[in-house]
Amino acid sequence: MKKVILVLAVVLVGLGVAGALLYRNASPSNADHRLLSVASNDETVASVVVNLRLLKSVRSVASWKDRIEPAEKYLLKVGNLPHRHRELLLETFSSFASGFVKTAEGPAPFRMFASHGSAEEALDALKKAHLVEVTSGEDYVLIDAETCDREGPFRLLKGDKLLAFVPTALATDLAARLAQEPGQKMAPLLIAQGAINLLPFLESLAPPLVQMALAREEITDNAKRLTLTLRTDTDGGIWAELDVFGEHPDQLQKLWEKATAADSPLKSVAETSVKVTPSKDAFRLTVDVNALQKHTDVLTRSFSPFQNEALTAEALKELDDVEEALLDPKDLHPYDEALTPASFFTLSGEDCSPRNGFALDDTKKLRLAFASLSSRENQPGVDFVSLTSSVCLPPHYTPVLAKREWMEVRIQQPELGRPTCGPLADEADGMTSEEDFSSESSNDMDVAKARVGFALKPGVDTQKLSSIEGSVTVQVPTRVKKATLAFRPPYGRAELVFPEGKLSVEATRVSGDGLTFQLGSEGTPPSVLAVRVLNAAGKHLETESRSGFSASMTLPFIGRVQSNDTSILARGKPDQLEFVLVDATTPHVLPFKLTPPFPASEEDEQEGGEEPGATLEPLSQAVFEKTLQAPEAIAQRQEHYTRYASGGLIASPEAPGAVPSPFKVLLQTQGIFENNLEIVWTEDVRRHFVQMDTTLQLEILEVDFVDGTRLRPENMQETQESESGAKEYVWGSRFGDQRTWSKTVSLGSPNVAANDLRGVLYSDFLPHRLEEVPIARIKGQLSFSLPETVAVSPLTPLSLHSRATIGEARFHVSSIAQEELSLLSENTALPGFAAMFADAQGRPVRANLEKRTDFDDATFRLDFETQGPVRQWQMLQAGGASKTYTYPFEITAQAPKPVAARKQRR
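Residues numbered from 1 in each chain as written. Predicted model: local features only at pLDDT ≥ 70, side-chain atom pairs only at ≥ 80, totals over all residues. Heavy atoms only, no water.

Undergrad: Explain the overall build of the chain to me, please; I cannot follow it from the model alone.
TA: Within the chain one finds 20 helices and 52 strands. The burial tally for the chain puts 51% of its 906 residues in the buried class. When contacts within the chain are restricted to residue pairs at least 6 apart in sequence, those whose partners lie at least 24 apart make up 69%. With the model as given, the accessible surface of the chain reaches about 41800 Å², and the carbon-plus-sulfur share is 49%. (Helix = DSSP H or I, 4+ residues; strand = E, 2+ residues; numbered from the N terminus. Buried < 20%, exposed > 50% of the residue type's maximum accessible area, 1.4 Å probe, protein only. Contact = heavy atoms within 4.5 Å. Areas by Shrake-Rupley, 256 points an atom, 1.4 Å probe, with all protein chains shown as cover.)

Undergrad: Would you take a moment to explain the pairing of strand β49 (residues 860-867) for this structure?
TA: Along a regular strand, successive side chains alternate from one face of the sheet to the other. Counting buried positions along β49 gives six out of eight residues, so the element sits mostly inside the fold. With five bridges joining them, strand β46 (residues 820-825) and β49 adopt antiparallel strand pairing. In the sheet register, E820 faces β49, and the bridge partner there is E865. Examined bridge by bridge, strand β48 (residues 846-854) and β49 share eight bridges and lie antiparallel to one another. Bridging across to β49, K851 finds its partner in D863. Hairpin geometry of β48 and β49 is characterised by an intervening segment of five residues between the two adjacent antiparallel strands and by a positive phi of about 70° at A858. (Pairing = 2+ DSSP bridges.)

Undergrad: What am I meant to see in the nonpolar core here?
TA: Grouped burial of nonpolar side chains is what soluble globular proteins tend to show. With 47 residues, the main nonpolar core has F663, L677, F765, I778 and F784 as its most contacted residues. Listed in part, the 44 residues of the second largest apolar core include L81, L156, F165 and L230. (Core = buried A, V, L, I, M, F, W, Y, C linked by side-chain atoms within 4.5 Å.)

Undergrad: Just to check I follow, could you spell out the state of the cysteines for this structure?
TA: Disulfides are covalent bonds that link the sulfur atoms of two cysteine residues. Per the counting criterion, the structure on display carries one disulfide. Here C148 connects covalently by a disulfide to C421, the sulfurs 2.1 Å from one another. A torsion of 120° about the S-S bond marks the disulfide between C148 and C421 as right-handed. Here C421 lies in the loop between β17 (416-417) and β18 (431-439) and C148 lies in the loop between β5 (139-143) and β6 (150-159), a separation of 273 residues in the sequence. Residue C148 is classed as buried on the basis of its relative accessible area of 0%. Given a relative accessible area of 6%, C421 falls into the buried group. (Disulfide = S-S within 2.5 Å.)

Undergrad: Honestly, helix α4 (residues 52-59) in this entry has me stumped. Any pointers?
TA: Owing to its 3.6 residues per turn, the α-helix brings residues three or four apart onto one side. Extensive coverage of α4 is indicated by the burial of seven of its eight residues. Those residues of α4 not exposed but buried are L52, R53, L54, L55, S57, V58 and R59.

Undergrad: I'm lost on the pattern of salt bridges in this one. Help?
TA: A side chain with one charge can pair with a side chain of the opposite charge if their charged atoms come near. Enumeration according to the criterion identifies 46 salt bridges in this entry. A salt bridge links R532 to E578, with the nearest nitrogen and oxygen atoms 3.4 Å apart. Taken together, the residues R532 in strand β24 (residues 528-534) and E578 in strand β30 (residues 576-594) connect sequence positions 46 residues apart. For R532, a relative accessible area of 10% gives the class buried. (Salt bridge = Lys/Arg side-chain N within 4 Å of Asp/Glu carboxyl O.)

Undergrad: How should I be thinking about the environment of L424 in this particular structure?
TA: Mapped onto the fold, L424 is located in the loop between β17 and β18. Apart from residues lying up to four places away in sequence, L424 is in contact with F384, R418, P419, G430, M431, T432, G453, F454 and A455.

Undergrad: Honestly, the pairing of strand β12 (residues 282-288) in this entry has me stumped. Any pointers?
TA: The buried fraction of β12 amounts to five of the seven residues, a majority that puts the element mostly inside the structure. Sheet topology places strand β10 (residues 238-245) next to β12; seven bridges connect them, and they run antiparallel. Directly across from E241, in β12, lies its bridge partner T286. Examined bridge by bridge, strand β11 (residues 274-278) and β12 share five bridges and lie antiparallel to one another. In the strand pairing of β12, T277 is matched with R284. Between the end of β11 and the start of β12, which pair antiparallel, lie three residues.

Undergrad: How do you make sense of the side chain of Q691 when you look at a structure like this?
TA: Looking at the secondary structure, you find Q691 in the loop between α20 (683-689) and β34 (696-705). Polar side-chain contacts of Q691 include one of 3.2 Å to the backbone nitrogen of L619. (Polar contact = N/O pair within 3.5 Å; in protein donor to acceptor, adjacent residues only side chain to side chain.)

Undergrad: I would appreciate a short explanation of unusual backbone geometry in the present structure.
TA: With glycine set apart, most residues show a phi of negative sign, and most peptide bonds adopt trans. Between G152 and the following residue, P153, the backbone shows a cis peptide bond with an omega angle of 10°. With respect to the secondary-structure elements, P153 resides in strand β6. With an omega of 5°, the peptide bond between Q413 and P414 qualifies as cis. By secondary structure assignment, the location of P414 is in the loop between β16 (407-413) and β17. Notably, D693 is not glycine yet its phi reads approximately 50°, a positive angle. Structurally, the position occupied by D693 is in the loop between α20 and β34.

Undergrad: Please explain helix α3 (residues 30-39) as it appears in this structure.
TA: With respect to burial, α3 is a largely interior element, nine of its 10 residues being buried. If you check which residues of α3 are buried, you get A31, D32, H33, R34, L35, L36, S37, V38 and A39.

Undergrad: Would you take a moment to explain the sheet that holds strand β32 (residues 664-668) for this structure?
TA: Backbone hydrogen bonds are what pair the strands of a sheet, in a parallel or an antiparallel way. Within the open sheet, the five strands sit side by side as β31-β32-β33-β40-β39. Their pairing is antiparallel. One side of each edge strand has no neighbouring strand; the edge strands of this open sheet are β31 (649-651) and β39 (752-754). Across the sheet, the mean angle from the axis of one strand to that of its neighbour is 30°, orientation sign disregarded. Here three bridges tie β31 to β32, and the two strands are oriented antiparallel to one another. Within β32, the position partnered with L649 by the bridge is Q668. (Axes fitted to C-alpha atoms, helices over the stretch in contact; angles between N-to-C directions.)

Undergrad: Can you walk me through the sheet that holds strand β7 (residues 162-167) in this structure?
TA: The strand order across the open sheet built from 12 strands is β4-β5-β6-β7-β3-β2-β1-β8-β9-β10-β12-β11, with neighbouring strands paired in antiparallel fashion. Looking at which strands have only one partner, the edges of the open sheet turn out to be β4 (132-136) and β11. Direction aside, the axes of adjacent strands within the sheet are offset by 20° on average. Pairing of β6 with β7, which is carried by six bridges, proceeds in the antiparallel orientation. Bridge assignment links G159 to a residue of β7, and that residue is L162. Sheet strands touched by α4: β1 (44-51), β2 (93-101) and β8 (190-197). Its angle to β1, the strand with the most contacts, is close to 30°. Contacting β2, β3 (108-115), β4, β5, β6 and β7, helix α7 (residues 119-128) crosses the sheet at an angle of about 60° to β7.

Undergrad: I'm lost on the environment of K56 in this one. Help?
TA: Relative to the helices and strands, K56 is located in helix α4. Accessibility expressed as a relative area gives 30% for K56, which makes it partly exposed. In sequence terms K56 and L90 are 34 residues apart; their C-alpha atoms lie 6.1 Å from each other. Excluding residues within four positions of it along the chain, K56 makes contact with L90, E91 and H116.

Undergrad: What is the right way to read the confidence of the model for the chain from this model?
TA: Caution applies to low-pLDDT regions: their predicted coordinates should not be interpreted in detail. Confidence in the prediction of the chain, expressed as mean pLDDT, is 82, and 83% of residues score 70 or more. With pLDDT under 50 throughout, residues 304-308 is counted as low confidence; its partners more than four residues away or in other chains account for 17 contacts. A low-confidence stretch, residues 605-610 stays under pLDDT 50, and its non-local contacts, those more than four residues away or across chains, total 16 contacts. (pLDDT = per-residue confidence, 0-100.)

What follows is the structure in structure tokens.
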């Protein structure tokens, strides 16, 4: 509970410090009062109200502008307003409210604005900022500034200096409320107010992680609604009031006492900054924000997921006993060579060459690869492209930490666009860039990669795009310097400060191997090539660097919590750190020109699809019976299956007089896979079945174990009470979960491979208590359904937006990547559709359907994983009545016990 409450208390901390001094223009209007009243009524399940007058007043003083900017950015984001339009918003509006309100269908969003001027002028400002869009009459959609998702339609209600976008079903009721005298007055020095109903709002809309966190801290069991109010007073005091409403405030009191017990790192913060006032139906925490700011270090450490407290005296004493390991001086790279772009690539070694993309120079150590070309359903008319550049790095020049770009990709042709929403809307040049340092799987050399994404200008036809032209710049480190930093017990935070940022180190733990410390950064300090650790005698200790996942957090007004940028283990007791830093770089610029088709590679012709051969007929009932059930096909498969069934594998015999199955079921009777089933198939079966992702259904009907236990599917329903009192399944997993005796098998996702056979291994049917008991006999069946007919569209060249029509159904390509393709339906949500792909020569290209996504407008998207360059595609549609083919199997590994001796489970 402590973190939930304190997060709510500090998220708006810094606003009031400035607001207390400069509130002269923050007096609310009647429109502000109405906005607060409606946003706080019983129908809202979550809301936030922010006084923009106070923000605007504080920003008018230059000395406060920089400080208020991060707080302002956070508050605008809470209201789903883009920070890039802050000047427009602050000049236009005096306050806003955003949140969710109850409707018959569940929580629905709303948004309201109180304006300085007329409602019409305010509406024009929202349209200009692309936050709302008219659909018809007074109906609008709300546009998410970050995702571009559109919600609505919502009814626009206009009042005196007031705009409200509300669910249509509630428009009449909310219009009447807006016309009434407001029941709640917004105080001149109110900074913000937020509230949330924990249930049912969390169940329907909150991210699962939030639900889990609140449940773990027992908040949802003891509270129904949280309300946070932040205000300032004329004496410069800043106060945050958190009201927790629930049925058992006494239990909340106990939770608070637990969170602030003597062993809590937040005890001192609570005693000096927080006052608790329980009442009959609420639990109030009043936070003195000014006092809270004096505990920034404690709060930062408490919120950090990496370390909760400084090293103890006991831990430091343990460090004295660690066996010291000294680094051999010959292993210290001197970094005494003044690099040039030419020597940089020479040092990277002949065995380093990134695998993907086109080489941009003769060394082939700098490459550019097409990553994807896509359209997006929520941004019609705009196409997006991403490219990946890769450059080899010489040994010792892979940075331990780098916040400055090593590579930059620029596009000159075609003309780029800047979308009005989404991540690119915040980029002045209409591009995003992300860089990482990793090792190519084909060698031991390190590679720097930069992935860029950009939007083409609306109207650019990607099907007629002649090329993508630009340049790649590598910032070659041509001068290196060294800096030292004292790092001694108790190994608290120490910093190196540079004009553009800082580096920080702080110990995190002591173990038998030595001291582990965290290397972090703020701003853009020089890139760190190495961190060397010296003991008190000036000798270098052996170190081990572990790159982190950069899960940094930024708490508004508290500052940046140190991220897990890099963790370093020093094998001994450090006394001083030596940083090897990049002191100067030289840009090495190489142009590029990528031409269609996209994606393309230097191995495009060699990486074709399958071997040339006759195009397969779509798998209908007639085709199946004519081809896969032909005598010669059965004979060939039987030969493969006979060779495969050996050793610890027992195959199911064909039932007398039955048509042979195209699949073979086998039971593992030896080794670590004992009791597992294998379902295998040959290549000719796979090629037919993957066309429409025809699935196979496995059902287990009866199993005899050697101890005499017989189980059937109905036994999987039996439950019992566990030691903890919870219900568990008698024949379940080790965690008491139910075992299901059926499985859907996709031939596109095998986990067994043996020469020309593929298959799946299945073990999830085994009860935990019988995993070590051999199976004597197992009985089941395989089945699949095939359509009577399959219609096929013409083969279509692949390009973004290229279309295929089959009957009345229409599809188009919505994204193309190196090994991925997405197809979007335009007018149907019916099942029974599939796609086939081919290379430039018409040879089939393997593709697995990874996912089908259905949308509210009755359309859907099919996402495929492909194996090889795709140049052509076509759609398939099943028709007519389907027919199910069923193949029973029974495998006997050893004779079951006589019936009288068996433990029958009937």
